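# Structural overview
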Amino acid sequence: MTEAAGRQPAFRMADLIVAEGPEGAERILIAGLTVSVAAGEIVAVLADGTGPAAALTEVLSGRRRAQYGSITVGDAGRPRRITPVRPAGVTVVRAGQHTPAGQAVPPVVVVDAVSGPSGSAGPHTEEARTAARRGSAVLLVTTDADIASAADRVVELNRAPRTDTVQEAQPEIRFTVAALTDAAVGSLTAAGVEADRAALVARVLVDADVRGHFSHGVGLLPMYLDRLERGGIDPDAEPEWLSEGGTVAVLDAHGGFGQIAAESAAETCARRAARTGLAAVAVRGNNHVGMLAAYREHFVRHDVVGLVLNVSGPSVAAPGAGRPTLGNDAVCMVVPRAEGLPLVVDFATGTVASGKIRHAAHRGEQIPAGWLVDRQGRPTTDPEELDRGGAVPVFGGYKGLGVAVITEVLAGILAGGTVSPLVHKQRAEPERAMDCSQLFLALSPAAFGNPPVDELLAVLSGAVAAGYPQGPPDVHLPEQQEQLAEAVAREQGVSVPAAVVERLGWAMGEAPAGSGSAR
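Since the model is a prediction, treat every value here as computed from it, not as a measurement.

### Side note on the overall build of the chain
- Secondary structure assignment for the chain yields 13 helices and 21 strands.
- Contacts spanning at least 24 positions in sequence make up 68% of the contacts within the chain whose residues lie at least 6 apart.
- Total accessible area on the chain is roughly 22800 Å²; 52% of this is exposed by carbon and sulfur atoms.

Here is the structure:
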């Protein structure tokens, strides 16, 4: 962004990214914030919602870790990665917390207008003006436009800079869960899919939207329909058991809907493990199965711990690489509880699921730095680069690569006799089955002497929460983000990008019978 005319910045944040939730399935709170402030200047960061605003002040006060970004304090300061420790020289204050007379003037003062008194701009703006008069660079963090108006400049949090190459965010249409499911079923049956199969595929897609993972939701439906038409998905394919006896079973999907074989595998695996203590089902010759957590109820119903692994087509780059040579593989664990919802851990081995990037493209939005590299291996914020040969970096450097290799061996080599570099990409080759594979594992607690699962999970959760001196954030464990998203979806409906709705014909009065909107 442009610096104040004739003044060097005393404080600068660049590409700050803050997220919550597991990597690959995270919710972005701050998407690449860049802001600079000169000594004696007041810059307001205006946030749409208290969550992003509070996250920013927590990072600057040392109470939260940012996933990415750099910070410079002082004219000659060297950029350094954000750490949980409050950056030297940055003081976070709330209204009324004036710096005592005679005390050294802090180089940077962050005025927290989110946690302090509300209802009046007076205390916040006065604190900011006092600090600026004393020569501090002042960052005023607020959700109130009236408070922000007192600043010399205003930066809107999570709004990308407007340039000729940035599209405007596209509108979205909100559906009830039932209406969205009916609409998806209608589109599939209109394409010749048998009703029960259409209902299963729709359930898996809508479940992802309800849980806040739009990358695996109905945004995939136009691609599914295209693959149906071109032959990449055989709607009538019957999964075939190649072996059924013993602890391990092998199922050939024969290029049908991935959800059909995955549903059968999950149910069979969970049922057998409940009886024998341990079971594994390999699925080969399959297509995209959707979000792995969609099959959680089978493990819950049979009271077994489930582990599901999936290999997919190349879209991920190893550390330092620029070409997509590995799959954005997925890992999911389901742990039933006697009371309450199960613990579900579901993540991809890429920094982010590829579908999240495409969802941003549907909405006409840029993506945060770090999500994607282009064909030359350079970081990019343009989601369209994914389908131009770009790649998603593997998460966690070489440790993330290790998780990917483990998944490749178990779900690829053992389960399917393949690895992700050999899997056909479903968008690039719509006329061919993906030939991807999955491994479903289940273990019965009864076979291990019935350990107190609920009690030990409570201890584990408490240990995680105890690591936050100021108290844990609202989302600090896997599945909490999804529970919040589901509550919102049930109450307010599910948003679908208008571009997707239009492609499916739902927005033009041509939606299949039974479809509808909550508008």
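We are not done yet, so read on.
### A closer look at the pattern of salt bridges
- Taken as a whole, this structure holds 12 salt bridges when the rule is applied.
- Asp226 is the partner of Arg230 in a salt bridge, and the nearest nitrogen-oxygen pair spans 3.0 Å. Of this pair, Arg230 and Asp226 both sit in helix H6 (residues 221-230), 4 residues apart, roughly one helical turn.
- Using a relative accessible area of 51% as the deciding quantity, one classes Arg230 as exposed.

### Examining the pairing of strand S8 (residues 137-142)
- When you tally the buried positions in S8, you get 6 out of 6 residues, the bulk of the element.
- Residues Ala137, Leu139 and Val141 point to one face of S8 and Val138, Leu140 and Thr142 to the other, with burial holding for every one of them.
- Of the pairings in the sheet, the one linking strand S3 (residues 42-46) to S8 comprises 5 bridges and is parallel in character. When the sheet's bridge partners are listed, Ala44 is paired in S8 with Leu140.
- Note: strand S7 (residues 108-112) against S8, 5 bridges, orientation parallel. Looking across to S8, one finds that Asp112 is bridged to Val141.

### Side note on the packing of helix H5 (residues 195-210) against helix H7 (residues 258-276)
- The geometry of H5 relative to H7 is characterised by a closest axis approach of 9 Å and an angle of 85 degrees between their N-to-C directions. Classified by the angle their axes make, H5 and H7 are roughly perpendicular. Along the contact surface, H5 presents Arg197, Leu200, Val201, Arg203, Val204 and Leu205, while H7 presents Gln259, Ile260 and Glu263.
- Split into classes, the residues belonging to the contact of H5 with H7 amount to 5 nonpolar, 1 polar and 3 charged.

### Some thoughts on the sheet that holds strand S19 (residues 392-393)
- Pairing in this open sheet of 3 strands is mixed, and the strands run S16-S15-S19 from one edge to the other. Whereas interior strands pair on both sides, the edge strands pair on one side only; in this sheet they are strand S16 (326-327) and S19.
- Note: strand S15 (residues 314-317) against S19, 2 bridges, orientation parallel. Its bridge partner being in S19, Val316 is matched across the sheet by Val392.

### Observations concerning the environment of Gly462
- Following the sequence through the fold, Gly462 ends up in helix H11 (residues 453-465).
- Note: C-alpha distance between Gly462 and Pro472 (10 residues apart in sequence) is 10.0 Å.

### Regarding unusual backbone geometry
- Backbone geometry places Asn450, a non-glycine residue, at a positive phi of 50 degrees.
- Using a relative accessible area of 56% as the deciding quantity, one classes Asn450 as exposed.
- Phi is positive for Glu479, which is not a glycine, with a value near 85 degrees.
- Topologically, Glu479 is positioned in the loop between H11 and helix H12 (480-492).

### A short note on the sheet that holds strand S18 (residues 343-348)
- The strand order S11-S12-S13-S20-S14-S17-S18 describes an open sheet built from 7 strands, whose pairing is mixed. Since the sheet does not close on itself, it has two edges, and those belong to strand S11 (240-243) and S18, each with one partner. Neighbouring strand axes in the sheet, compared pairwise and without regard to direction, differ in orientation by 15 degrees on average.
- Where strand S14 (residues 305-311) lies against strand S17 (residues 330-335), 5 bridges are found, and the strand directions are antiparallel. Bridged to Asn310 within S17 is Ala330.
- Together, S11, strand S12 (248-252), strand S13 (278-286) and strand S20 (436-443) form the strand contacts of H7, whose direction differs from that of S13 by roughly 165 degrees.

### Brief notes about a nonpolar patch on the surface
- On the surface, Val405, Val409, Ile413 and Leu414 cluster together into a nonpolar patch covering about 350 Å² of accessible area.
- Looking at the element boundaries, Val409 is found in helix H10 (residues 397-416).
- Using a relative accessible area of 36% as the deciding quantity, one classes Val409 as partly exposed.

### Considerations on the side chain of Thr380
- Looking at the secondary structure, you find Thr380 in the loop between helix H9 (354-362) and S19.
- A polar contact is formed between the side chain of Thr380 and the backbone nitrogen of Asp382, at a distance of 3.1 Å.
- For Thr380, the residues in contact, after removing those within four places along its chain, are Ile367, Pro368, Leu372, Val373, Asp374 and Glu385.

### Let's talk about the packing of aromatic side chains
- Summed over all chains, the structure comprises 4 aromatic pairs.
- With a centroid separation of 5.6 Å and an interplanar angle of 65 degrees, the aromatic rings of Phe175 and Trp506 are classed as edge-to-face. Within this pair, whereas Phe175 is found in strand S10 (residues 172-175), its partner Trp506 is found in the segment after helix H13 (498-503), the two being separated by 331 residues in sequence.
- Looking at Trp506, the relative accessible area reads 8%, which means it is buried.

### Thoughts on the pairing of S18
- Of all 6 residues in S18, 5 are buried, a share of seventy percent or more.
- Looking at chain direction, S17 and S18 are connected through 6 bridges and run antiparallel. From the neighbouring strand, Val335 faces S18, where its bridge partner is Leu343.

### Side note on H9
- Most of H9 sits out of view: 8 of its 9 residues are buried.
- Restricting attention to buried positions, one finds in H9 the residues Ser354, Gly355, Lys356, Ile357, Arg358, His359, Ala360 and His362.
- Of the surrounding elements, those touching the buried residues of H9 are S10, S15, S19, strand S21 (494-497) and H13.
- Following H9 by one or two positions, Gly364 has its phi on the positive side, about 70 degrees.

Conventions and cut-offs
- Residues numbered from 1 in each chain as written.
- Predicted model: local features only at pLDDT ≥ 70, side-chain atom pairs only at ≥ 80, totals over all residues.
- Heavy atoms only, no water.
- Helix = DSSP H or I, 4+ residues; strand = E, 2+ residues; numbered from the N terminus.
- Contact = heavy atoms within 4.5 Å.
- Areas by Shrake-Rupley, 256 points an atom, 1.4 Å probe, with all protein chains shown as cover.
- Salt bridge = Lys/Arg side-chain N within 4 Å of Asp/Glu carboxyl O.
- Buried < 20%, exposed > 50% of the residue type's maximum accessible area, 1.4 Å probe, protein only.
- Pairing = 2+ DSSP bridges.
- Axes fitted to C-alpha atoms, helices over the stretch in contact; angles between N-to-C directions.
- Parallel < 35°, antiparallel > 145°, perpendicular 65-115°, else oblique.
- Nonpolar A, V, L, I, M, F, W, Y, C, P; charged D, E, K, R; others polar.
- Patch = residues over 30% accessible without salt bridge, like charges linked within 9 Å, V, L, I, M, F, W, Y side chains within 5 Å.
- Polar contact = N/O pair within 3.5 Å; in protein donor to acceptor, adjacent residues only side chain to side chain.
- Phe/Tyr/Trp six-rings, centres within 6.5 Å; stacked < 30°, edge-to-face > 60°.

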